[in-house]
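If you want the building blocks of each chain, they are given just below.
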Amino acid sequence: MPRLALYTLVVCVLAVAAAVVSFVQGSFLGVVWVLLAGLSSNMTWYYVKREKVRRAAGADVSG
């Protein structure tokens, strides 16, 4: 897994945890955390797919 994908995955998990804590405390600030979790989740998928395509292209060239 690429390093950036790992970082964004950690941010996603932490944002989800912050959203849960925020909603449990009765704050609607959790909406911001949910949006951040969605953004970081999309970034994680992007970096994972980009690495997969890069490796496939490298295998085609060397193979």
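Refer to the preceding data block for the structure.
All chains use their own residue numbering, which begins from 1 and follows the written sequence. With the structure being a predicted model, the display of local features is reserved for residues of pLDDT at least 70 and the display and counting of side-chain atom pairs for 80 or more, all residues being used for whole-chain, interface and lining totals. Side-chain figures throughout are based on the complete set of non-hydrogen atoms in the structure, without hydrogens or water.

Remarks on the overall build of the protein
- Helix numbers and strand numbers start at the N terminus; a helix is a DSSP run of H or I with at least 4 residues, a strand a run of E with at least 2. Across its full length, the protein holds two helices and zero strands.
- The globule rule used for comparison is 2.2 Å times the number of residues to the exponent 0.38, while the radius of gyration itself is calculated over C-alpha atoms. For 63 residues, the compact-globule formula gives about 11 Å, and the C-alpha radius of gyration of the protein, at 16 Å, lies well above that figure.
- Considered along the principal axes of its C-alpha atoms, the protein spans approximately 55 × 15 × 10 Å.
- Evaluated residue by residue, the protein yields a buried proportion of 21% over its 63 residues.
- Any two residues whose heavy atoms approach within 4.5 Å at even a single point are treated as in contact. Taking the intrachain contacts of the protein between residues at least 6 apart in sequence as the baseline, contacts between residues at least 24 apart amount to 53%.
- Looking at the protein as shown, the accessible area adds up to about 4,900 Å², and 72% of this sits on carbon and sulfur atoms. Here's how the labels work: a residue is buried when its accessible area is under 20% of the maximum for its type, exposed when over 50%, partly exposed in between, all with a 1.4 Å probe on protein chains only. Here the open area of atoms and residues is found with the Shrake-Rupley method and a 1.4 Å probe, where only the protein chains shown may cover a residue.

Quick look at the environment of Ser40
- Here Ser40 lies in helix α2 (residues 30-62).
- For the pair formed by Ser40 and Ala15, sequence separation is 25 residues and the distance between their alpha carbons is 8.7 Å.
- Ignoring sequence-local partners within four residues, the contact set of Ser40 consists of Thr8, Val11 and Cys12.

Examining helix α1 (residues 3-24)
- In this model, α1 (22 residues) spans 32 Å end to end at C-alpha, consistent with the 32 Å of a helix rising 1.5 Å per residue.
- Taken together, the buried positions of α1 are occupied by Ala5, Thr8, Cys12, Ala15, Ala19 and Ser22. Along the long axis of α1, the arc covered by the buried residues comes to 110°, so they all point the same way. Seen from the open side of α1, the exposed residues pointing more than 90 degrees away from its buried face are Arg3, Val13, Leu14 and Val24.
- One or two steps after α1, the chain reaches Gly26, where phi turns positive at roughly 90°. One less than the residue count of a helix, multiplied by 1.5 Å, gives the span that helix is expected to have. The arc in question is formed by the directions pointing from the helix axis toward the C-beta atoms.

Notes on the side chain of Ser22
- Looking at the element boundaries, Ser22 is found in helix α1.
- Setting aside its immediate chain neighbours within four residues, Ser22 contacts Ser27, Leu29, Gly30 and Trp33.

A few points about a nonpolar patch on the surface
- Taken together, the side chains of Met1, Leu4, Leu6, Tyr7, Leu9, Val10, Val13 and Leu14 define a hydrophobic patch exposed on the protein surface, amounting to about 780 Å² of accessible area.
- The residue Leu14 is located in helix α1 in this model.
- Taking relative accessible area as the criterion, Leu14 reaches 55% and is therefore assigned exposed. Only residues above 30% relative accessible area that lack a salt bridge enter a patch, with like-charged residues linked at up to 9 Å and the nonpolar side chains Val, Leu, Ile, Met, Phe, Trp and Tyr linked at up to 5 Å. The rule for a salt bridge is simple: a side-chain nitrogen of Lys or Arg has to be within 4 Å of a carboxyl oxygen of Asp or Glu.

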